[in-house]
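Listed here are the chains, written in short residue letters.
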Amino acid sequence: MRALASARRAATTLQSRSRGRVGRQVALDARRLKAALAIQSTVRSLKIRRPFVKLVADVTAVQCRFRVRVSCRLVRSIRASNRDAGSLRVERDALKDEVKRLKAELSTEHGLRLAAEAKLTATLQAQPHPTLLPQHQHQVQHADVSPVPPPAPATSDATDAAVATVAAAGGDGASGGGGGGDGASGGGGGGDGASG
């Protein structure tokens, strides 16, 4: 019995060790297979990824080039619009200056016209109107002075007649009555009328 039990234990030990070695070998093969599969998948992914990455880089380069071209066109259009805006701004400033100059000229001409009108008005007010002057003088003569007879021709007979007229006027003033009117017409007659 003891020999059988010892033989059984020995056989079990051999079997367990053999099975353990086989199991460890299977596990090692599984780990190796897994590693090999990982390496193979990595290599395959690299083989597939490299063209894809290159394609993406090429597409990105093309897109960047296209965007650069579009941006350059946009920048050129913006610069052209800025130049147009600058030219329009210059033209606007020139027009503003022209309007200011025209306004200044207009105000100067208006001021000169007003000054000329004021000067003309002052001149007309300082000088009497030629059509009204004889009428005013005629009214003044009728109001203050009696009408004076027209001068006689310068002859000795006319001088004698004037002396006789003055003497007659003086005599009328001395007699009284109407000497006042004759005294207003003549210088000496007025004095005689006052004395009469």
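The rules behind the values
Residues numbered from 1 in each chain as written. Predicted model: local features only at pLDDT ≥ 70, side-chain atom pairs only at ≥ 80, totals over all residues. Heavy atoms only, no water. Helix = DSSP H or I, 4+ residues; strand = E, 2+ residues; numbered from the N terminus. Buried < 20%, exposed > 50% of the residue type's maximum accessible area, 1.4 Å probe, protein only. Areas by Shrake-Rupley, 256 points an atom, 1.4 Å probe, with all protein chains shown as cover. Patch = residues over 30% accessible without salt bridge, like charges linked within 9 Å, V, L, I, M, F, W, Y side chains within 5 Å. Salt bridge = Lys/Arg side-chain N within 4 Å of Asp/Glu carboxyl O. pLDDT = per-residue confidence, 0-100. Contact = heavy atoms within 4.5 Å. Lys, Arg positive; Asp, Glu negative; His and termini not counted. Charge placed at Lys NZ, Arg CZ, Asp CG, Glu CD. Expected span 1.5 Å × (residues − 1). Bend = angle between axes of the 7 residues up to and from the residue.

Draft legend 1. Inspection of the overall build of the chain at higher detail. Secondary structure summary: the chain contains five helices and zero strands in total. Taken from the N to the C terminus, the helices and strands of the chain come in the order α-α-α-α-α. Across the 196 residues that make up the chain, the buried fraction comes to 4%. Carbon together with sulfur atoms contributes 63% to the accessible area of the chain, which is approximately 16,800 Å² in total.

Draft legend 2. Highlighting a nonpolar patch on the surface. Where nonpolar side chains cluster on the molecular surface, the patch consists of F52, V53 and V56 and spans about 260 Å² of accessible area. Summarising the element assignment, F52 is placed in helix α1 (residues 2-126).

Draft legend 3. Summary view of the confidence of the model for the chain. When pLDDT is averaged along the chain, the result is 74; 65% of the residues meet or exceed 70. Mean pLDDT across the elements of the chain ranges from a minimum in helix α5 (residues 187-195), with 41, to a maximum in α1, with 88. Here residues 140-156 scores under 50 on pLDDT; set against residues more than four positions off or in separate chains, the count is four contacts.

Draft legend 4. Spotlight on a positive patch on the surface. Together, R65, R69, R73 and R76 give the surface a local cluster of positive charge. Along the chain, R76 turns up in helix α1.

Draft legend 5. Region of interest: the pattern of salt bridges. Applying the stated criterion across every chain, the model contains three salt bridges. Here R101 makes a salt bridge to E98, at a shortest N to O gap of 2.3 Å. Residue R101 and its partner E98 are both found in helix α1; the two are separated by three residues, about one turn of the helix. Owing to a relative accessible area of 34%, E98 belongs among the partly exposed residues under this scheme. The closest approach of N and O atoms between E105 and R101, which form a salt bridge, is 2.6 Å. Residue E105 and its partner R101 are both found in helix α1; the two are separated by four residues, about one turn of the helix. By relative accessible area, which is 37% here, E105 ends up partly exposed.

Draft legend 6. Structural context of α1. Over its 125 residues, α1 extends 171 Å from the first C-alpha to the last, a length consistent with the 186 Å expected when each residue adds 1.5 Å. Along its length, α1 reaches its greatest deviation from straightness, about 25°, at R49, and the proline P51 lies no more than four positions downstream.

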